[in-house]
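# A look at the structure
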Amino acid sequence: MTRVLISGGKVVSASGRSDADVLIDGETIAAVLAPGQAETLGLSDEGRDVTVIDASGKYVIPGGVDVHTHMELPFGGTAASDTFETGTIAAAWGGVTTIVDFAVQRTGESVQDGLAEWHRKAEGNCAIDYGFHQIIGGVDEESLKAMTYLVDHEGITSFKLFMAYPGVFYADDGQILRAMQNAGESGAMIMMHAENGIAIDVLVAQALARGETDPKFHSFTRPAELEAEATHRAISLSKVAGNVPLYIVHMSASEALEEVAAARHAGHNVFAETCPQYLYLSIEDQLAQPGFEGAKWVCSTPLRSKHEHHQADLWKGLRMNELAVVSTDHCPFCMKEQKELGLGDFSKIPNGIGGVEHRLELLYQGVVTGELSLERWVETCCTTPARMFGLHPRKGVIVPGADADVVVWDPNGHTTIGVDHKHHMNMDHSAYEGFEVDGKVDTVLSRGTVVVADDQFHGRPGHGRYLPRGLSQYLQ
Ligand code: URP
Ligand code: ZN
Ligand code: ZN
């Protein structure tokens, strides 16, 4: 087995930073060595069956774990434009070594069939390791039984329900309660898309009747109150179900954050994630751009007004651990032939933003601007996502025995984001076109194999393995 020594860097974890060398043996981390120890052990000379990666002046962090992606998701009459191959290669370029994607059960379809389809799409195609959550698009006796089976036999321990999208994925309160009770029995986590979809549909119909068809009306018809109301209701239902662990996905509104903060303060197992788009983008600067341009930023929950300081509140929430995780909700659609489906009717624009490649660099910019500490960056992007979804300590940490998923990060590097700067996602535009950020992915290892180095992709589709997951390790 080949050994790799990542030498001379500063190893950053969720709890601190120290000068150390990382020794990798095969696919796992063998040791974290104090400076000088590698020389003493005769490990620092190339050729002695050790490949040395010089990380001087750089940070050495666990590979990024993105627990919210949608490769090839069928949505709004089309499908997300990244395949598992293109999406995981783009992820690797951005320092992500694990994704957890959402297998889909559509209403009327069996959960197992939906899961089998996701395995077919992913198997042999992923450049990095991957796991699945399961979307439950129809809560009934059969799907409730399937949830238990997936926890016990398939390594799927988290289930996404939707309070939005009536007629597509929507679950009513009774169905949600039953699914939560079921999850409580097996220890699984319920992930919630928390928006009041019934009320939103009324607002959408009224807006269209007034001739309000531009992309910005997507956000105006999904007000923050309806995100907060659904978040509150989801929390209440999870309490009634017996304090079942609840994870609110893609949070964008301050008011919803307050609901999570209050529940956490009261000691409940309620968690939330946000995404870079909600930290950096707004109605004013992006979604309300003239003509159809704003379609690039149509996603749900929607981008919010910067005058209402949602973005600043979310950064604060991240610092306070009211928001535990940053994921991307990577769900890319091209403008051509995809977003264009909603020309003249914002409600027909496929919902989603692509960003799997840019999470680490965008959040590192938060370190540069003082929003987050270096350790909190690692915690929210690597360590907590792994713990939250039963992948710890295999993923998300640099400790002996963990998978050798490691990113060498150059704090003196510089990254310009966009399709004009050759991003790797299969999209004809970027939500972050022209964004300039400090820091750069230098080298990425996935289970001991260098997959990105010297501005080249060295990995291969099929290297990535399916990760059966355990129960959340983040519960109180
Ligand atoms: O706009 C979004 N978020 N698209 C993906 C589906 C979802 O609700 O996460
Ligand atoms: Zn959602
Ligand atoms: Zn999503």
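Everything that follows concerns the structure shown earlier in this document.
Before going into details, it helps to say that this report is about the structure given with it. If you're wondering where the values come from, they're calculated on a predicted model, not measured in any experiment.

### Some points on unusual backbone geometry
Here S300 and T301 are connected by a cis peptide whose omega angle stands at 0 degrees. Mapped onto the elements, T301 comes out in the loop between α11 (283-287) and α12 (310-319). That bond from H392 to P393 is cis: its omega, 5 degrees, falls within 30 degrees of zero. Position of P393 among the secondary structure elements: in the loop between α14 (374-388) and β16 (406-416). In this structure, E337 is a non-glycine residue whose phi angle is positive, near 65 degrees. The class for E337 is exposed, based on 11 C-beta atoms found within 10 Å.

### A short note on the sheet that holds strand β15 (residues 325-326)
The strand order across the open sheet formed by eight strands is β6-β9-β10-β11-β12-β13-β14-β15, and the pairing between neighbours is parallel. Both outer strands of the open sheet, β6 (64-69) and β15, are each paired with one neighbouring strand and no more. Relative to strand β10 (residues 129-136), strand β9 (residues 96-105) is paired through eight bridges, and the arrangement is parallel. Bridge assignment links V100 to a residue of β10, and that residue is G131. Contacts from helix α8 (residues 224-240) reach β12 (189-193), β13 (246-248) and β14 (270-274), with the element oriented near 170 degrees to β13.

### With respect to the site of ligand 1
Lining the immediate environment of ligand 1, one finds H70, H193, H250, C299, S300, D329, C331, N351 and G352. A per-class count over the shell around ligand 1 returns two nonpolar, six polar and one charged.

### Examining the environment of G459
Within the secondary structure, G459 is located in the segment after β19 (456-457). Note: C-alpha distance between G459 and L362 (97 residues apart in sequence) is 23 Å. Beyond its immediate stretch of four places on either side in the chain, G459 contacts A92, A127, S446, T449 and V451.

### Let's talk about the packing of helix α5 (residues 173-186) against α8
Contact geometry for α5 and α8: axes closest at 9 Å, N-to-C directions at 45 degrees. Relative to α8, the element α5 lies oblique. Both α5 and α8 take part in a crossing whose hand is right-handed. Where α5 approaches α8, its residues D173, I176, L177 and M180 are matched on the opposing element by R233, L237, S238 and V240. Its residues assigned to classes, the contact of α5 with α8 shows five nonpolar, one polar and two charged.

What counts as what
- Residue indices follow the written sequence of each chain, beginning from 1 at its first position.
- To read the labels, note that chains go from A and ligands from 1, taken in the order they are written.
- Side-chain atom pairs in this predicted model are given and counted only at pLDDT of 80 or more, local residue features only at pLDDT of at least 70, and totals for whole chains, interfaces and linings cover all residues.
- In this description a helix means any DSSP run of H or I spanning at least four residues, a strand means any run of E spanning at least two, and both kinds are numbered starting from the N terminus.
- Note on burial: count the other C-beta atoms lying within 10 Å of the residue's C-beta; 20 or more is buried, 12 or fewer is exposed, in between is partly exposed, and C-beta positions come from the backbone.
- Any two strands with at least two DSSP bridges between them are considered paired.
- What counts as a contact is two residues whose backbone-derived C-beta atoms lie within 7 Å of each other.
- Simply put, an axis is a line fit to the C-alpha atoms, just over the touching stretch for a helix, and the angle between two N-to-C directions goes from 0 to 180 degrees.
- A residue counts as near a molecule or strand when its C-beta atom, positioned from the backbone, falls within 6 Å of it.
- Throughout this entry, Asp, Glu, Lys and Arg are counted as charged residues, while Ala, Val, Leu, Ile, Met, Phe, Trp, Tyr, Cys and Pro are counted as nonpolar. The remaining residues, Gly among them, count as polar.
- Just so you know how the angles are binned, under 35 degrees is roughly parallel, over 145 roughly antiparallel, 65 to 115 roughly perpendicular, and the rest oblique.
- Less than a right angle of anticlockwise turn of the near helix away from the far helix marks a crossing as left-handed, whereas a clockwise turn marks it as right-handed.

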